[in-house]
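# A structural walkthrough
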Amino acid sequence: MNTERFTSQNNNEDDRPVIEIPKSVVKIGAVALATLGVAGVANALGLFYSPKSPEKGPSPAHQVAQVVEDYSNGVITELPEDTEIHTVTLKEGENPTSVAETAMEEYNEKNPENKIDPNEARSSVYETAIYMEDLYKHETGNTGIRPRATVDVAIGDINGDGQPSIAVTKIEDKSK
């Protein structure tokens, strides 16, 4: 076993303390610093890039919202072929989100083998309803959606992922 101390303290001829560090300890420190320096440079150059998870695109709900936004802005003129549009007239106490959720429940009862994923549906309905409500307010000048307004709810493979989705695609004021 090596009993060499890492440091030793002696006094020089002026009686000032002097700390002596063995050469082996200095060499180990120099190697450690050099290794850290090389690793830092490699990291800065991106040589250690390792994503924590594979790159993912937007969520299915966000994809649905993007299709609806493009449709409402005229970027695309039609929704995918298998998409059904359900027009619902709002009654007192209803809103676009509630009628879309009711439409989803009805769809899922009629299509138990090809149900709309409720989690995705909540996200896509929420995103598209917010967007359509803002568009409605901007176009009509109304501060809120009134009863007798009509809401178009789209159900189908809106984002092209092979799964049924649901979204609010239009709100019109029919109360006037």
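What you see is a predicted model, and the numbers here were worked out from it, not measured in a lab. (Residues numbered from 1 in each chain as written. Predicted model: local features only at pLDDT ≥ 70, side-chain atom pairs only at ≥ 80, totals over all residues. Heavy atoms only, no water.)

### Digging into the confidence of the model for the protein
Interpretation of the predicted coordinates at a detailed level should be avoided for regions scoring low in pLDDT. Mean pLDDT for the protein: 84, with 84% of residues reaching 70 or above. Averaged pLDDT values for the elements of the protein fall to 59 in strand S1 (residues 8-11) and rise to 95 in strand S4 (residues 150-156). (pLDDT = per-residue confidence, 0-100. Helix = DSSP H or I, 4+ residues; strand = E, 2+ residues; numbered from the N terminus.)

### Things to note about the pattern of salt bridges
Across all of its chains, the model carries one salt bridge by this definition. Of the charged contacts in the structure, one is a salt bridge between Lys 170 and Glu 172, with a shortest N-O distance of 3.8 Å. Here Glu 172 falls in the partly exposed class, since its relative accessible area comes to 32%. (Salt bridge = Lys/Arg side-chain N within 4 Å of Asp/Glu carboxyl O. Buried < 20%, exposed > 50% of the residue type's maximum accessible area, 1.4 Å probe, protein only.)

### What about the nonpolar core?
Within the largest apolar cluster, 26 residues are counted, with the highest numbers of intra-cluster contacts made by Ile 116, Val 151, Val 153, Ile 155, Ile 166 and Val 168. At the level of elements, helix H2 (60-72), helix H3 (96-110), helix H4 (118-140), S4 and strand S5 (165-172) are the ones that each hand at least two residues to this core. With residues up to four places along the chain from it excluded, the contact list for Val 168 reads Val 68, Pro 96, Ala 100, Thr 128, Ala 129, Met 132, Val 151 and Asp 152. (Core = buried A, V, L, I, M, F, W, Y, C linked by side-chain atoms within 4.5 Å. Contact = heavy atoms within 4.5 Å.)

### Some details on the sheet that holds S5
Taking strand neighbours across the sheet as the criterion, the three strands line up as S3-S4-S5 in an open arrangement whose pairing is antiparallel. In this open sheet, the two edge strands, each paired with only one partner strand, are strand S3 (84-89) and S5. Strand after strand, the sheet turns through a mean of 25° between neighbouring axes, direction not considered. Both S4 and S5 contribute to a ladder of seven bridges, which runs antiparallel. Paired with Asp 152 across the bridge in S5 is Lys 170. (Pairing = 2+ DSSP bridges. Axes fitted to C-alpha atoms, helices over the stretch in contact; angles between N-to-C directions.)

### Some details on H2
Counted at 1.5 Å a residue, the expected span for H2 with its 13 residues is 18 Å, and the 18 Å between its end C-alpha atoms agrees. Within H2, the full set of buried residues consists of Ala 61, Val 64, Ala 65, Val 67 and Val 68. Buried residues of H2, viewed axially, fall in a sector of 160°; they line one side. Lining the buried residues of H2 we find H4 and S5. Just downstream of H2 lies Gly 74, where phi reads positive at about 80°. (Expected span 1.5 Å × (residues − 1). Arc of directions from axis to C-beta.)

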